[in-house]
Amino acid sequence: GVAHIAIAQDAKPNYDESKIPAYTLPDPLAGIESAAQWPARRKQILEQFAAEMFGKVPTDKFNAISVKDAGTRKQVLGGKATMWQPVITLAGRDLNLLVVMPTDSQQAPAFLAYNFHGNHTVLDDADIPLTKNWVRSKPDNRAREEDRGSAASRWAVEKIIDNGFALVTLYYGDVDPDVDDGFENGVHAAFPDKPAADQWGSIATWAWGLSRVLDFLGTVPEIDETRVAVMGHSRLGKTSLWAGANDERFALVISNNSGCGGAAISRRRIGESVARINTSFPHWFCDNFLKYNDNESQLPFDQHMLIALMAPRPVYVASAVEDTWADPRGEFLAAKHATPVYELLGREGLPADEMPAVDEPSQGSIGYHIRSGGHSVTEFDWTQYIKFAKRHLMNEQ
Ligand code: GTR
């Protein structure tokens, strides 16, 4: 096995740009000159991320989903939206989907995103059952009635509907509880062996779950599975990036404040570092990733190459000024340094050369903004994602 290198308790995170170690970013286009050579290079980069960071899915054996409860549809938002809660089964786990779609929609584009605390926190609606699964930051790790709608400000449901999109969300703990449980719970219970050093941690497991939900959406006439934007915040932004990298059926990918292990350049070591994230969340990445604790220069990639794996599909990276733990500048630089891949493929990449001013988005095939405020998802963020998705998935300017 790989030794777990613990970081000293008193090691303070660095926020000082002048103390960033000198580094050279690996070149996503190393050894290639033409668009025709990109797929082979892409495959190599994807395999490196899988083996050294997120971990590979051990087997395809449990990929099949079945419909456990087809659910009923009811009108919400004064009739302009239809709410639907199908339950699908994956590797012995029930995934409780909450779908809100424009009423009478046919083949609507959709946002697919995990939620942190259960579907009942997204919308205050008594028909949404509380999750029975383990939830973080709650007494007894149980969902509570009083939390109905508590995350509503993070979900611009009405705006999504008014712009012709559907929203598909589910609780990430349905797939795998976010706790270092030795990979005994969640979908992992169906898999006979503990993950090997190059096999999945929880982020890769959640990403796999998103692909299986996409499989299901392919059977839903109201939703166009070729126009699904996968979105996630923070650890779930790391997850949406890995889902989009692995599964090119995702038409658009959004990383909201994903930080270390997501959009932020690891070699900068600003805010959260590789060693810190591996120490605080040992179950998120594969064990091979421990090799890079305080050793980022040995990574065969950096996070700009994760962004580049989305090319030529549209990808959006969003930061927040006060979210220094996630290294906003590192997130911007990853978006910027993914741009040469987009350009090789004949796309614009990120229009901004320098970090844009606060609340002034830059949107090409790569989008980026740094908004005012802290670590969260806001109306401003959704306004940008909807605008970006309308342009790329609905052909609207
Ligand atoms: C933090 C973690 C970040 C980010 C965040 C979140 O504790 O250090 O990497 O994932 O949680 O998911 O809100």
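Residues numbered from 1 in each chain as written. Predicted model: local features only at pLDDT ≥ 70, side-chain atom pairs only at ≥ 80, totals over all residues. Heavy atoms only, no water.

> Would you mind going over the nonpolar core with me for this structure?
Core analysis: the largest hydrophobic core is formed by 84 residues, its most contacted members being F49, F54, V213 and W242. With ten residues, helix α4 (residues 202-217) is the single largest residue contributor to this core. Excluding residues within four positions of it along the chain, F49 makes contact with F54, G55, W242, F301, D302, Q303, M305, L306 and L309. L98, I161, M231 and A389 belong to the second largest nonpolar core, which has 32 residues in total. (Core = buried A, V, L, I, M, F, W, Y, C linked by side-chain atoms within 4.5 Å. Buried < 20%, exposed > 50% of the residue type's maximum accessible area, 1.4 Å probe, protein only. Helix = DSSP H or I, 4+ residues; strand = E, 2+ residues; numbered from the N terminus. Contact = heavy atoms within 4.5 Å.)

> How do you make sense of the sheet that holds strand β5 (residues 93-96) when you look at a structure like this?
Two orientations exist for strands paired in a sheet by backbone hydrogen bonds: parallel and antiparallel. A sheet is described by the order of its strands in space; here three strands give the open sequence β1-β4-β5, paired in antiparallel fashion. In the strand order of this sheet, the two ends are held by β1 (65-69) and β5, each with one partner. Averaged over neighbouring strand pairs, the angle between their axes works out to 35 degrees when direction is ignored. Across four bridges, strand β4 (residues 87-90) lies against β5 in antiparallel orientation. (Pairing = 2+ DSSP bridges. Axes fitted to C-alpha atoms, helices over the stretch in contact; angles between N-to-C directions.)

> Sorry if this is basic, but what is going on with helix α5 (residues 235-246) here?
Helical geometry: 3.6 residues make up each α-helical turn, so side chains three or four residues apart lie on a common side. Helix length check: α5 (twelve residues) gives 17 Å between terminal C-alpha atoms against 16 Å at 1.5 Å per residue, within 8%. Within α5, eleven of the twelve residues are buried, leaving the element largely enclosed by the surrounding structure. Every buried residue of α5 is listed here: R235, L236, G237, K238, T239, S240, L241, W242, A243, G244 and A245. (Expected span 1.5 Å × (residues − 1).)

> So what exactly am I meant to see when it comes to the site of the ligand here?
Around the ligand lies a shell formed by F116, S234, R235, K238, E272, I277, F281, W284, W325 and H375. Contact distances for the ligand include 2.7 Å between an oxygen atom and a side-chain N or O atom of S234. The separation between an oxygen atom of the ligand and a polar side-chain atom of K238 is 2.8 Å. Notes on the ligand: free accessible area 310 Å², of which the protein chains cover 80%. A per-class count over the shell around the ligand returns five nonpolar, two polar and three charged. (Near = heavy atom within 4 Å. Polar contact = N/O pair within 3.5 Å; in protein donor to acceptor, adjacent residues only side chain to side chain. Areas by Shrake-Rupley, 256 points an atom, 1.4 Å probe, with all protein chains shown as cover. Nonpolar A, V, L, I, M, F, W, Y, C, P; charged D, E, K, R; others polar.)

> Looking at this structure, how should I read the environment of I32?
Along the chain, the position of I32 falls in the segment before α1 (38-54). Counting along the chain gives 312 residues from I32 to L344, while the straight-line C-alpha distance between them is 10.0 Å.

> Explain the confidence of the model for the chain to me, please; I cannot follow it from the model alone.
As a general rule, the predicted coordinates of low-pLDDT regions are not to be interpreted in detail. Mean pLDDT for the chain: 96, with 97% of residues reaching 70 or above. Across the interface, the model reports ipTM at 0.97; the global pTM reads 0.97. (pLDDT = per-residue confidence, 0-100.)

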